[in-house]
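Here is how the chains run, residue by residue.
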Amino acid sequence: MEAQEKYEMMKLRVLHSFRWEKDITIPLSEEFGISKEEFDDILMDHFDMSDLENLHATFEVANKEKVKRQLHLDLRLYWLSDVIKLVSEEDADRICHQLTKDIFKNGKTYEEALEDGRAQIVELIREK
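Residues numbered from 1 in each chain as written. Predicted model: local features only at pLDDT ≥ 70, side-chain atom pairs only at ≥ 80, totals over all residues. Heavy atoms only, no water.

A. Representation of the overall build of the protein. Along the protein, the regular secondary structure elements total seven helices and zero strands. If you list the helices and strands of the protein from N to C, you get α-α-α-α-α-α-α. For 128 residues, the compact-globule estimate of 2.2 N^0.38 gives 14 Å, and the protein exceeds it by more than 25% at 20 Å. Here the C-alpha coordinates of the protein stretch approximately 70 × 30 × 25 Å along the principal axes. With 128 residues in all, the protein has 29% of them scored as buried. (Helix = DSSP H or I, 4+ residues; strand = E, 2+ residues; numbered from the N terminus. Rg over C-alpha atoms; globule rule 2.2 N^0.38 Å. Buried < 20%, exposed > 50% of the residue type's maximum accessible area, 1.4 Å probe, protein only.)

What follows is the structure in structure tokens.
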């Protein structure tokens, strides 16, 4: 087996790992409407071994950021904080950060986090 073939096989091992398939290759290939194999080929063409080994960690960070931003939207904090200034930016950031932590570290559901966030917002705006 040639060095290039070994390198390609090592890259495929990374892409075929359980976490990669569960979190990245299967969901994104379905979202883009292409086969998992085609998406694997795209990733292999664009990234070297080091990139592939590190991309899953960046996916996890991006996923947490996505949830945090979605909470910010669903709690209407862009309007409450950024537009009408009823909630301070610091409080909005603190609420979203804590709720994201509750979801990822404490097992709270997204809906439970939204309820908690709404309660915190009501408490804040009642104070002022």
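B. Here's a closer look at the nonpolar core. Ranked by size, the top nonpolar core spans 15 residues in total, and within it L71, L75, L77, V87, I95, L99 and I121 carry the most contacts. Of all elements in the fold, only α4 (49–74), α5 (77–83), α6 (89–106) and α7 (110–127) reach the threshold of two or more residues within this core. Aside from chain neighbours lying at most four places away, what touches L75 is L80, I95, L99, L114, G117, R118 and I121. Membership of the second largest hydrophobic core comes to nine residues, among which are W20, I24, M44 and L52. (Core = buried A, V, L, I, M, F, W, Y, C linked by side-chain atoms within 4.5 Å. Contact = heavy atoms within 4.5 Å.)

C. Broad picture of the packing of aromatic side chains. One pass over the full model with this rule turns up one aromatic pair. Arranged with centres 6.0 Å apart and planes meeting at 55 degrees, the rings of F32 and F39 form a pair that is tilted. The class for F39 is buried, based on a relative accessible area of 8%. (Phe/Tyr/Trp six-rings, centres within 6.5 Å; stacked < 30°, edge-to-face > 60°.)

D. Quick peek at the packing of helix α1 (residues 3–15) against helix α3 (residues 36–46). Contact pair α1 / α3: the axes reach a minimum separation of 11 Å and the direction vectors enclose 125 degrees. Here α1 is positioned oblique relative to α3, judged by the angle of their axes. Two packed elements cross with a definite hand, and for α1 against α3 that hand is right-handed. On α3, the residues that touch E8, K11, L12 and L15 of α1 are D40, L43 and M44. Of the residues in the contact of α1 with α3, the class split is four nonpolar, no polar and three charged. (Axes fitted to C-alpha atoms, helices over the stretch in contact; angles between N-to-C directions. Parallel < 35°, antiparallel > 145°, perpendicular 65-115°, else oblique. Left-handed = near helix turned anticlockwise from the far one by under 90°. Nonpolar A, V, L, I, M, F, W, Y, C, P; charged D, E, K, R; others polar.)

E. A negative patch on the surface, seen in detail. On the surface, E37, E38, D41 and D45 cluster together into a patch of negative charge. Inspection of the secondary structure puts E38 in helix α3. Among the residues examined, E38 registers a relative accessible area of 40% and is labelled partly exposed. (Patch = residues over 30% accessible without salt bridge, like charges linked within 9 Å, V, L, I, M, F, W, Y side chains within 5 Å. Areas by Shrake-Rupley, 256 points an atom, 1.4 Å probe, with all protein chains shown as cover. Salt bridge = Lys/Arg side-chain N within 4 Å of Asp/Glu carboxyl O. Lys, Arg positive; Asp, Glu negative; His and termini not counted. Charge placed at Lys NZ, Arg CZ, Asp CG, Glu CD.)

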